[in-house]
Every structure is written in C-alpha cells, then in structure tokens.
Amino acid sequence: MIQRFFLTIKGIVQGVGFRPFIYNLARSMDMKGWINNSSEGVYIDVEGTEENINMFVKYIKQNKPQLAQIDSIEVIRKDYIGYSSFEIKSSEEKTAKATLVSPDIAICKDCLEDIMEFTNHRYQYPFTNCTNCGPRFSIIKDIPYDRKYTTMNQFTMCKVCKNEYEDPNNRRFHAQPNACPECGPKLWVEDNVGRLIAVNDSIEFILHRLEQGNIIGIKGIGGFHLVCDATNEKVIEKLRIRKKRMEKPFAVMMKDLSTIKEYCYVNDKEKEILEGIRKPIVLLNKLENCNLPSNIAPAQKTLGAMLPYTPLHHLLFQGGQKILIMTSANLNGLPIEYRDDRARRNLIGIVDYFLFNNREINIPVDDSVVRVIEGEEIIIRRARGYVPLPIKFGCTKNILSCGSNMKNTFCVSKENNLFLSQHNGDLDTLESYENYQQNIEHFKHIFRIEPEYIAIDKHEGYISSQYSQNYNLPVIKIQHHHAHVVSCLIENNISEKVIGVVFDGTGYGDDGAIWGGEFLVTDIVEYERVGHLDYIKIPGGDSAMKEPWKSGVAYLYKAFKGNKSLDDIIERNYGDKGKALLKVIKADINCHNSSSMGRLFDAVASIIGIRNKISFEGQAAMELESLIEFDSEESYVYSLKKEEEVILDMIPTIKEILDDKIKGVNNSKIALKFHNTLIKATVEICKKVRSNYGISNVAISGGVFQNSYLLKNVRSKLVEADFNVYINKSIPCNDGGIALGQIAIASEYIKKSEKIHSSN
Ligand code: ZN
Ligand code: ZN
Ligand code: FE
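Everything quoted here is computed from the prediction, not taken from an experiment.

### Focus on the overall build of the chain
Next up, step 1: Across its full length, the chain carries 21 helices and 31 strands.
Next up, step 2: Over its C-alpha atoms the chain spans a radius of gyration of 28 Å, differing by no more than 12% from the 27 Å that the globule rule assigns to 760 residues.
Next up, step 3: Counting only C-alpha atoms, the chain reaches 95 × 75 × 45 Å along its principal axes.
Next up, step 4: In the chain, buried positions account for 61% of the 760 residues.
Next up, step 5: Taking all contacts inside the chain whose residues are at least 6 apart in sequence as the whole, residues at least 24 apart take part in 72%.
Next up, step 6: Per element, the accessible surface of the chain, about 29,200 Å² overall, is 47% carbon and sulfur.
Next up, step 7: In the chain, 95 positive and 97 negative side-chain charges are present, and the distance between their average locations comes to 1 Å.

### Side note on the coordination of the zinc ion (ligand 2)
Next up, step 1: Here the zinc ion (ligand 2) is held by the protein donor atoms C158 (SG), C161 (SG), C180 (SG) and C183 (SG), which lie 2.2 to 2.3 Å from it.
Next up, step 2: Because the angles between the four donor atoms bound to the zinc ion (ligand 2) fall within 103 to 117 degrees, the donor set is best described as tetrahedral.
Next up, step 3: One chain supplies every donor to the zinc ion (ligand 2), and in sequence these donors are spaced C-x2-C-x18-C-x2-C. In this pair, the class of C180 matches that of C183, namely buried.

### Overview of the sheet that holds strand β21 (residues 453-457)
Next up, step 1: Read across the open sheet, the six strands follow the order β17-β20-β19-β18-β21-β22; overall the sheet is mixed. Each edge of the sheet is formed by a strand with only one pairing partner; in this case those strands are β17 (391-392) and β22 (475-478).

### What to know about the packing of aromatic side chains
Next up, step 1: Applying the stated criterion to the full structure yields 25 aromatic pairs.
Next up, step 2: Look at F6 and Y43: their rings are 5.5 Å apart centre to centre, the planes differ by 40 degrees, and that puts the pair in the tilted class. Taken together, the positions of F6 in strand β1 (residues 3-12) and Y43 in strand β3 (residues 41-48) put the pair 37 residues apart, joining distant regions of the chain. Residue F6 shares its accessibility class with Y43, and that shared class is buried.
Next up, step 3: Each ring, one from Y436 and one from Y467, has its centre 5.4 Å from the other, and the planes form 75 degrees; the classification is edge-to-face. Placement of Y436 in helix α11 (residues 430-446) and of Y467 in the loop between α12 (463-466) and β22 is noted, with a sequence separation of 31 residues between them. We note that Y436, like Y467, is buried.
Next up, step 4: Taken together, F137, F410, F419, Y433, Y436, F443, F447, Y467 and Y471 form an aromatic cluster joined through their ring pairs.
Next up, step 5: The ring of F250 carries R240 above its face, with NZ or CZ at 4.1 Å from the centroid.

### Overview of the packing of helix α16 (residues 597-607) against helix α17 (residues 619-627)
Next up, step 1: Packing of α16 against α17 brings their axes to within 8 Å, and their N-to-C directions diverge by 60 degrees. Our classification of the angle between α16 and α17 gives oblique. Judged by the twist between their axes, the crossing of α16 over α17 is left-handed. Contact residues: α16 offers F601, D602, V604 and A605, while α17 offers A620, A621 and L624.
Next up, step 2: The residue makeup of the contact of α16 with α17, split by class, is six nonpolar, no polar and one charged.

### Focus on the coordination of the zinc ion (ligand 1)
Next up, step 1: The zinc ion (ligand 1) binds to the protein through C108 (SG), C111 (SG), C130 (SG) and C133 (SG); the donor distances cover 2.2 to 2.3 Å.
Next up, step 2: Each of the four donor atoms bound to the zinc ion (ligand 1) contributes to angles spanning 102 to 119 degrees, and the resulting shape is tetrahedral.
Next up, step 3: Mapped onto the sequence, the donors of the zinc ion (ligand 1) take the spacing C-x2-C-x18-C-x2-C. Taken together, the residues C108 in the loop between β5 (86-88) and α3 (109-116) and C130 in the loop between α3 and α4 (159-166) connect sequence positions 22 residues apart.
Next up, step 4: The exposure class of C130 is buried, given its relative accessible area of 0%.

### Concerning the packing of α16 against helix α19 (residues 667-693)
Next up, step 1: In contact at an axis separation of 11 Å, α16 and α19 are set at 155 degrees when each is read in the N-to-C sense. Relative to α19, the element α16 is oriented roughly antiparallel. Along this stretch, α16 crosses α19, giving a crossing that reads as right-handed. When α16 is examined against α19, the residues M597, L600, F601 and V604 are found in contact with a partner set consisting of F674, H675 and L678.

### Quick look at the sheet that holds strand β7 (residues 196-197)
Next up, step 1: Spatially, β7-β6-β14-β8-β9-β13-β10-β12-β11-β15-β16 is the arrangement adopted by the eleven strands of the open sheet, whose pairing is mixed. Only two strands of the sheet have a single neighbouring strand rather than two, namely β7 and β16 (376-381).
Next up, step 2: When strand β6 (residues 187-191) meets β7, the two strands line up antiparallel, connected through two bridges. For V189, the partnering residue across the bridge sits in β7 and is I197.
Next up, step 3: Contacting β15 (369-373) and β16, helix α20 (residues 708-720) crosses the sheet at an angle of about 40 degrees to β15.

### Examining the pattern of salt bridges
Next up, step 1: The tally for this structure, following the rule as stated, stands at 50 salt bridges.
Next up, step 2: Two residues, E617 and K407, come together in a salt bridge whose shortest N-O distance is 2.5 Å. Taken together, the residues E617 in the loop between α16 and α17 and K407 in the loop between β18 (399-401) and β19 (411-414) connect sequence positions 210 residues apart.
Next up, step 3: Classification of E617 as partly exposed rests on a relative accessible area of 38%.
Next up, step 4: Salt-bridge contacts for D660 lead to K673; the nearest nitrogen and oxygen are separated by 3.1 Å. Residue D660 is located in helix α18 (residues 651-663), and its partner K673 is located in helix α19; the two are separated by 13 residues in the primary sequence.
Next up, step 5: Exposure remark for K673: the relative accessible area of 11% places this residue in the buried category.

### Brief notes about the environment of G82
Next up, step 1: Residue placement: G82 occurs in the loop between β4 (69-78) and β5.
Next up, step 2: Linking G82 and E47, residues 35 residues apart in sequence, is a C-alpha distance of 7.5 Å.

### Notes on helix α2 (residues 50-63)
Next up, step 1: With 14 residues, α2 should cover 20 Å at 1.5 Å per step; its first-to-last C-alpha distance of 20 Å lies within 8% of that length.
Next up, step 2: Taken as a whole, α2 has its buried residues at I53, F56, V57 and I60. Viewed along the axis of α2, the buried residues span an arc of 90 degrees, placing them on a single side of the element. Residues E51, N54, K58 and Q62 are exposed on α2 and point more than 90 degrees away from its buried face.
Next up, step 3: Turning to α2, the residues buried within the fold contact β1, α1 (18-28), β3 and β4.

### Observations concerning the side chain of Q742
Next up, step 1: Within the element layout of this structure, Q742 appears in helix α21 (residues 738-759).
Next up, step 2: In contact with Q742, not counting residues within four places along its chain, are S401, C402, G403, A455, I456, D457, I478 and A483.

### A look at the nonpolar core
Next up, step 1: In terms of nonpolar packing, the biggest core is built from 93 residues, with F18, I22, I44, V46, F56, I206 and L400 touching the most fellow members.
Next up, step 2: At six residues, α1 tops the list of elements feeding residues into this core.
Next up, step 3: Dropping the residues within four chain positions of it, I206 is found in contact with V189, I216, L316, Y353 and L355.
Next up, step 4: Counting residues in hydrophobic clusters, the runner-up holds 76 residues, among them A544, V553, F601 and Y709.

Basis of the calculations
- Residues numbered from 1 in each chain as written.
- Chains lettered and ligands numbered in written order.
- Predicted model: local features only at pLDDT ≥ 70, side-chain atom pairs only at ≥ 80, totals over all residues.
- Heavy atoms only, no water.
- Helix = DSSP H or I, 4+ residues; strand = E, 2+ residues; numbered from the N terminus.
- Rg over C-alpha atoms; globule rule 2.2 N^0.38 Å.
- Buried < 20%, exposed > 50% of the residue type's maximum accessible area, 1.4 Å probe, protein only.
- Contact = heavy atoms within 4.5 Å.
- Areas by Shrake-Rupley, 256 points an atom, 1.4 Å probe, with all protein chains shown as cover.
- Lys, Arg positive; Asp, Glu negative; His and termini not counted.
- Charge placed at Lys NZ, Arg CZ, Asp CG, Glu CD.
- Donors = N, O, S within 2.8 Å, 3.2 Å for Na, K, Ca; no water.
- Tetrahedral: all angles 85-135°; square planar, octahedral: opposite > 155°, others 65-115°.
- Pairing = 2+ DSSP bridges.
- Phe/Tyr/Trp six-rings, centres within 6.5 Å; stacked < 30°, edge-to-face > 60°.
- Lys NZ or Arg CZ within 6 Å of the ring centre and 35° of its normal.
- Axes fitted to C-alpha atoms, helices over the stretch in contact; angles between N-to-C directions.
- Parallel < 35°, antiparallel > 145°, perpendicular 65-115°, else oblique.
- Left-handed = near helix turned anticlockwise from the far one by under 90°.
- Nonpolar A, V, L, I, M, F, W, Y, C, P; charged D, E, K, R; others polar.
- Salt bridge = Lys/Arg side-chain N within 4 Å of Asp/Glu carboxyl O.
- Expected span 1.5 Å × (residues − 1).
- Arc of directions from axis to C-beta.
- Core = buried A, V, L, I, M, F, W, Y, C linked by side-chain atoms within 4.5 Å.

Structure, rendered in structure tokens:
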C-alpha cells in the first residue's frame, strides 16, 4: 500500500548537494513528492510503501553526500495525497529554528579538473566551485542557504550556469556560488597605492611579480593573504620588517604533497589532513636537511604547511613557484583584512601589489592550524573548514559566552548545539574588538539566537568580559582554568568528576593571584583547587609575559633569597637591569603572586640564555621544546609541599638548571631534563589526588600543552599509572577553547539553580 511520509532531516544538509541526492534517489525508487530546504534542515514529503521508505532512509544514512552530516531523521505519517512526480521545491523562509551552516570547503577533484582542462568552459577560472566544494560560511549573510542570501547575490548567472544550477543531474545543481568566466567574479591587479594596473592576465602578472621578489596581497576565501616566494630569504626579511613581525613563524603553501615531502616529514594522518576537504595549516616536523630559508620559522623544528585550497591557489602554482609564504594579511595585532577598501588602506606599507576580486567576503575566517600528535588531529586554531560546525551538548537556554582576551573565540548555544566562533585573535585593539562584536552579531543572526544569559571570564579587565555590559542580562562569571578543563570534558563527553590539569600562561584566580599551573578536582559545575605550582612574585604581573628575563630574575630571587651570592648571580645573568629589577622584587613593588606555568618556562628559557624577550605568545616555551633532541628519563629535583593543597615547588629544579648551565651542560639536555621534571611532578601530583579523592580520570588542558613533548609524555606516563586521560583535540587547548568551557559551565549552573528554585 502506498502511504505518505513526512521526513525532517537535521544536520548539515544545505549547500552540500543534499537535495539533488534525494531527488535522484526518490526518482530511482519511483517515489513521488517533494524536498525543500527549511530553516531547520530539509523537509521531504514522499509517497511510497513502508518498505520503500525504510530503504529510502537507510540509503540516505549510508550514502549521503560527502559534506553532509546527519544529526537526526524524523519520520511521521501523513494523509495520502497522490503526488504525480518528485520535485525540488524552493526554500521555505526563515523561522526561529537553527539551521546548520557548512564551513568553507577546499576545491574538489572534479572542479580542479575543470580548471586544468584546456577545453573546459571554466579553464583557468579562479572561482570555480560545485555542490561539493567552495566558499560557504564566509559568504553567507543569512539563512536558508540560498544564493540570494550570500554575497554571490550580486552576480546573475549566465545561461550555462543557470542550466547547471537547475539540472538535478548536474554537479552544480543548486551550488549557490556557481559561477563561470562569463558571469562570475573577476580578478584584477592594483599597485600598492590602489591604482588599477591594466593587464591581460592577472595571474601571469602576479606570478612574474612573485618571482621578482614582490609581496602580494591576495584576496582569498576568508580574508587577504600576504604572499611571497618562500625560497627567497630577502623577500621574507622584507615582509618581516614591513609587517613588524620579526620572529613569529610564517605558514607556507606548497604546490603539492611531494613538494611538502622534500622539506618535511609527513605521516599517514598528516597526509590525510593535508589532502582532506578542510585543508588547514598542518604543523610538520622539518627534515634535518630542510634547506628552506630559516627566517620562515626561526628557531623552530616545525613548519606550518598547507596545500592549495582554492582554484586561485592552484593557478598560482602554474609558474615555476612551488612554495609560497601564505600568511594572514593583517597589521600586527589587528584582525585579518577581508574588505577591499580596508585592505587598501591598511596594507599600503606592506604589499607591492594587490590581487583583488569582486566576490565579497561577508565574514572573515583565518586559516585553521592543526598538529598531529600520536596519530590524532589536534586543532590549535579552529577557523576555516571547521567553523561553524556545532559541538553537541544538552543546553536548554540560549547563552552567549564571551571567551578569553587572547586567541579569542566566543560561543552561542541553541537546541543542543554549541556554535563556537572562528578564531578572533587578541582583543586588545579597537579594530579587533569591533570585529569581535560584528562576528557575535553575525552568529546571533544566522543561528537566530537571542541570548538569555551571558557567560564571561572572572577577569573583569578582559574586554570580552566588559562586552557583557552591552546586554541587560544575567551574567555568569567563570574561572578561567575551570573553563579550560570543561572544554576538554565537553569534547570527550565526560560528565563525572576528573582531575583537571591545566598549564597555561595566565588566568584570573579566585584568590586574586595569576593562576596557570593548576590541579583541579572538577566536573562541569564545580571545581576545587587541589594543587598548583608554587607562587612566585612576578614584577608587573601579566606585563612580564613579553619579557621572560623578568621571570628569570623572579625565580632566581626565590631560589637564592638570603644567599650572599644572589646579587652576583643576578648581575652575571642580567647585568644592571637585573639588579634594578631585583630591588623592585625585594621591595615588593607592583609584584603579583603567580602560579603561571608559562612564566616558569619563560624563566628557564631566560636562565639558560635562549630567550630574554619575546615577540609572540608562547615563544620562549616553543623554543625550549624545540631544543629537545633525544629521549631519556633524566630529570631534576623538585619538591611537593603539602599544605591544604599540594604545592609544586620547582625551585630545586631552577637551582640545578643554573648549576648545569655553569658546568656547561648543553641547552638541549637541560631543556629535556626540565620537561621530564615537570612530567614526573605532574604524574606524582595526580597520584596524590587520586589517593585523596579516588578519582582516576584526568583531563589535560591549557595552552602550555601545545607543547607536544609535554603532552605526549604527560599522557603516556599517566596512562602507565592507570589513569584515564582526556585531552583537547577538536577544541583548542589554548584560550581558543575557553568560550566552550564557559558556555557549558553556565548551562549546567543555570540548570542546577532552576532545580533548586523549583524544589523550593
Ligand atoms: Zn567542486
Ligand atoms: Zn556562468
Ligand atoms: Fe588560558
């Protein structure tokens, strides 16, 4: 008997070729009815036998388009109508329901063939895309995902494109950004002051300029890149000077995988990610004989590399170039440039030429950065290709969490989905703050969210915390390191109590001190601080972050306080400025108690003489990790002081490090022993906490765990000691994950207080 069924499919089912897939499936099964995009996913109204419908649903689950993600399929029976064909109906207008939006996806194999095939209508066309690939999140202004709600709305499809767009059997059926050389976006070249340069072939012109050692501002999917020849040390130096970014590593884009293998180790997992549909920057270990200019990533053993992910990128590798510097185009500290006029204004002193196009970017998205550790993808910066994929979590209220101040992301919740924003950078400039606010508005709009609660960091000085004053809503304040642990619990789906180990640079502590070497017994709702790195008085508090030598003096002071050699040691290591700072510390002027693990790494890096000043966050720690050359179990002495909490005292380690330094032990060995000491201490503290609390789950988080030696060994040593260990993978362990922790804690807190209210 033929019956009518109504299906609601939720998940990522728009802009991914879902409707043509269903259309073809229904027709092949001779089922009648229709499909359309709705604001909550897709609706399918279909008539067939019950057996048909079961097969239909099974087939959908098993054979869905590559980019589709199905969260749920709901089937209800309806009164039989007697449809005569299967149709694709136009989209329903928006309701208050949340639709999932696809991230931007790298060019697919078929489209790549199109642009490389001489006889193809899209030969060399830089904006080629189809339902399986191309821009999504970056061009969407509104939902449902239809061309008229994207920045492609200013281009009218030519006949050829329109036919493809309307043909369910075509790969470009309802590919919203569909375009061709006739009707779509175009490239043009300008000089560094914004004068149009008339050229026949923009790509060819740019390729020549790259060869000649110029820096080009190229508009991409989510913003502008600064691009130059990565084999030309001089142009890289020029870029560093112009961008005022002297040491922070640049990412490179390489022509293909075999080129990457000429310079870096690539394992199976790394290959899979490099060649996958998201194409993030992957941090790879350089080959020992990697002969790329050292100023690409000074003092680093790793290189951030990615493969071309837009048609335009592929065209850029058609000349002789095989490796290009491809770094986000921004002035130091400002957000990535993504609007033509602003790029012209702000990049004027940096680029020699611009390669523009008239496909507008609606929302900026940086390249994502990932690393593979023990065969697993670890996301360090979550943006293009990953955002706005939701994280599933039972949230009953609409909450906005404002995130941290550095490496900011924010998060909004709706109907069991947490939408974590793309990386917004550091919020300490007006431009970044404006960008942050604008991105929040965009998320609220496309996901139809009106927050009922705001979650912020306890640090009231954070700009992200102050932002909450724009709302007249209940504000929930969340401790920074609790949020770190919970970000890890959420992605691992853990709700019971764990030992949270959080090592990071800075975070506002409940006692007003700067925390950052923390052991918490915690679940999503509550935490208790059960141990920490011993406090040290750091002059200037957070401002010491940029000057590791200050941490060096502070630790040496603590190590040799009352010892008559103190002044000599400080003078020998730091000269007059060291002596001056020592006076400040002795007099306790503007000094802050800090248990920051970041400052301990700074101190060690400074004491062994590798780094006294830094130009980007975490630099000293990264360089310290880079020194490690071999594996051994050697370590230094530390001590655990038992007060009401376990206090980790690393002063004995500092003393031994200074001894080793004086004895002429090489830095590589000192760095290794220092890391091993910290690993040993961490495991010992976890064991103590386990015996006190009976908890053997450990969740590890915090930016210091971007250090892969530390992460790998803390994890494996804990596992050896029979702990269950959870780490951040899909959510950054650095402050990019804070907003996720905040929103989950706030949600549980609200649930709990509602329960208390209702039982009263
Ligand atoms: Zn494609
Ligand atoms: Zn066209
Ligand atoms: Fe942090």
